[in-house]
Structures are given as C-alpha cells and as structure tokens.
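Okay, here's what each chain looks like letter by letter:
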Amino acid sequence: MGTLSLPVRLALPEEAQAGRVVSLRLLLQHPMETGYRIGEDGARIPRHLLTALRVSYGDRVIADLTLRPAIAANPYFALSFIADQTGPITLEVEDDRGRKLTETRMLTVVP
Amino acid sequence: MFPRTHPRRSLKWRLTLCLALCLALGGGLSLSAGAAQSGLAYLGEELKALQADPFANPGLLWVDRGTALWQADPAPGVPACASCHGAPESLRALIPTLPRWNPATQRLENLEGLIRQCQSERQHQPPAPYESEALLALTTRLAQGARGLPLSDAIAPEAAPALARGEAFFRERRGQLGLSCADCHERYAGARLRGDRVSEGMINGFPIYRLTWQTLGSRHRMFRWCNEAVRAEPYPFGAEPYLELELFLRHRGAGLPLETPAVRR
C-alpha cells in the first residue's frame, strides 16, 4: 500500500480475466492553480499544479503523462489496458510543491 | 456602442453585462411555468451524467473527506461527530428541514451553523470557518446522507416574519443592475443567457460542485456570487438576510428531492 497524501478516488478491479480490457479511473482533488489569477485580496494566487502522472503495470509503464496548466481543477483520468498477467498496478502523481501520491493495487488475472 | 469586453475581465463581469443586455432585450418573455424544477433539469446530458456518476462526480471528493472527518476525533480526548451521532445518515430527517427556527436563540439556523455550533459547544473546538474545506466536507457528507428526501415545507409559526423577509429579499431589486433574484430565477428561468440557461435558483443540490468555481460551494457562496453578479455588495456568510432567503428558498422549492453533491455550471 502506498501513501495517499493527495485526496483521491481510484477505481480499479481487483480481478480480471486474461485478455480482457480493464479500466482504471482516477479522480484527484487538486486546485490546478495557474499562477495567473488574482485573488480577492488583489494578490496573485500562487502557482500550484500537478506535473506528472505515471501508471505502471508489473514492470511496464503503461501511461506516462506530463500534466500542464490547462488541465482543470480536480482532474479526472481514465485509461484502459489489457489484463495479461497478475501483478501490481502502481500509480504515481506529483505536483510542483513536492506532494506525491504513490499507490499500489494488485490486479489478479484469472484464465 | 457598448464598451468592448476587456479580455482580462472576469467571467462574472462578462456574465453581468450579458445579463443586463438579455434582460433589457428579452422584453416580456416568461418561460417559467408549472411545478418547481431542480437546477438538474437545466443541465446538458453530459453534466447530468457526471452528477449521477457514483465515481466521477467531483463532489464525492468532499463526501469522502466528510466521512473521514465525521469519524475522526478533532483533538485527543475530544469525541468525534460519530461518537454522539452514529452514522451521518442518522441526521437525514433533519437536513430537508433546514434552515429552521431555533426557539432558544430566537434565530434561524442552517446546517453550517449547526455544525459550527456543535464544534464550539460540544467539541470545544474553534468552529470551522465558512467555506473552509472542513466545513464544506461535513456539510456535503450530511446532506448527501439525505439524498432523495424532499425539501420540507415545515415552518415554525415564529419564523413567519423571517420567511416574509426572505421573500421580500428575493423580490427586491438590488445592485447597480437593479435586478432582483425573481427577475432572473422566476421571470426568465429557462431563458438563454449567453451559452447558458437560467435556472430557477433552487437550493436542493447544495453544496454544489460548480464548474465556474472549479470547486464546491455552499448556498451562501452562491447567494454572494449572485449578489456580486448584479453588482450588489454581498452579505457575509451566515448573515441573517441570507438565512432568511435560504428559508424562503426551501419553502419555494418544497418537494424537490435533495441531490447533494450536485454538479452545476
């Protein structure tokens, strides 16, 4: 199990049939503040952005995303892949303030 | 000619200008008819689907957090919400009756006020500020527990003057644009406002995840936003006029099912 330092909702089946498509859904709570907005007090709201999202399946990286300021706050990600081996799914998310989310779930593949 | 909209002006400013134009040109058009309709009815199919999605509705991030806060001791030796109340659902019958009249204080109280009161009187903690993540999370979790229950029309006889003041607030023209709540949300409900449709201003989905805000907001935040949009000075969170307006809106939308956390534009 990993350390969840970002509020997150993660949906991933624990078991899948070999050769079937599995979907991973992820909802992150994050302000995605661009640094260009002015707050109520007239001061610039400091930049605060997610920078990277990486998903590994076993020893393969199946998604490696660079996250940019144009992404809305509280972003939602969904990706699908083919279940071909029993192994850990590891999720890594980083933001520009050094906050990190690392979460591992086991995916059991049945024939 | 109208001044060119400056590209760095806020969305609110542009909406405001547009609101004035539409209402000026709209003349006599009235689209609201029949029974009260939730803001859900004014959404497109995609947002309806997002609200109904038990995983991806962004308001559920606050529900999760509310569940954790409900069960956690706020400080060592201080009982958690759950240790007195049990599950958040134990309060579900209360939620549709808020705001309500408190005979002891002779004032109205809403859900945020009750949570804050419990925090300071029972848990002896500084109450969570309005619109703080903690208060939003607890409010959302409690209201979500009452999903599906209809907004109640039960109003204590002592609250009748407050209800009347709430309705007066709703119908009173305010701000530089001189628009009342009723102008948009009653007379022009359903009409187009740029790419948007004006809803009836119902409060059965709050706290709502609002795309404009890219976050969750309370009823009072929405009142403040609307007041600012007609360029009126907003009242503070939890102010008496807003509690009275909230009471009137509960009465006005009585029977609508609670749908917290709702998704709105």
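Residues numbered from 1 in each chain as written. Chains lettered and ligands numbered in written order. Predicted model: local features only at pLDDT ≥ 70, side-chain atom pairs only at ≥ 80, totals over all residues. Heavy atoms only, no water.

So, on to the overall build of chain A. When helices and strands are tallied, chain A shows 0 helices and 9 strands. For chain A, the α and β elements follow one another from N to C terminus as β-β-β-β-β-β-β-β-β. Going through the 111 residues of chain A one by one, you find that 39% of them count as buried. Contacts in chain A between residues far apart in sequence, at least 24 positions, make up 59% of those at least 6 positions apart. Total accessible area on chain A stands at roughly 6200 Å², and carbon and sulfur atoms take up 51% of it. (Helix = DSSP H or I, 4+ residues; strand = E, 2+ residues; numbered from the N terminus. Buried < 20%, exposed > 50% of the residue type's maximum accessible area, 1.4 Å probe, protein only. Contact = heavy atoms within 4.5 Å. Areas by Shrake-Rupley, 256 points an atom, 1.4 Å probe, with all protein chains shown as cover.)

Taken in spatial order, the 3 strands make up an open sheet running β2-β4-β7 (chain A), and their pairing is antiparallel. Looking at which strands have only one partner, the edges of the open sheet turn out to be β2 (8–11) and β7 (76–82) of chain A. Here the average twist between neighbouring strands, direction ignored, is 10 degrees. Where β2 of chain A and strand β4 (residues 21–28) of chain A come together, 4 bridges link them in antiparallel fashion. When the sheet's bridge partners are listed, Arg9 of chain A is paired in β4 of chain A with Leu27 of chain A. Packed onto the sheet, helix α3 (residues 60–71) of chain B meets β2 and β4 of chain A and runs at close to 105 degrees relative to β2 of chain A. (Pairing = 2+ DSSP bridges. Axes fitted to C-alpha atoms, helices over the stretch in contact; angles between N-to-C directions.)

Residues and elements named next belong to chain B. Where α3 contacts helix α6 (residues 133–145), the two axes come as close as 7 Å, and the packing angle between them is 95 degrees. One element, α3, and the other, α6, form an angle in the roughly perpendicular class. Mapping the contact onto sequence places Leu60, Trp62, Val63, Arg65, Gly66, Thr67, Leu69 and Trp70 in α3 and Glu133, Ala134, Leu136, Ala137, Leu138, Thr140, Arg141, Leu142 and Gln144 in α6. (Parallel < 35°, antiparallel > 145°, perpendicular 65-115°, else oblique.)

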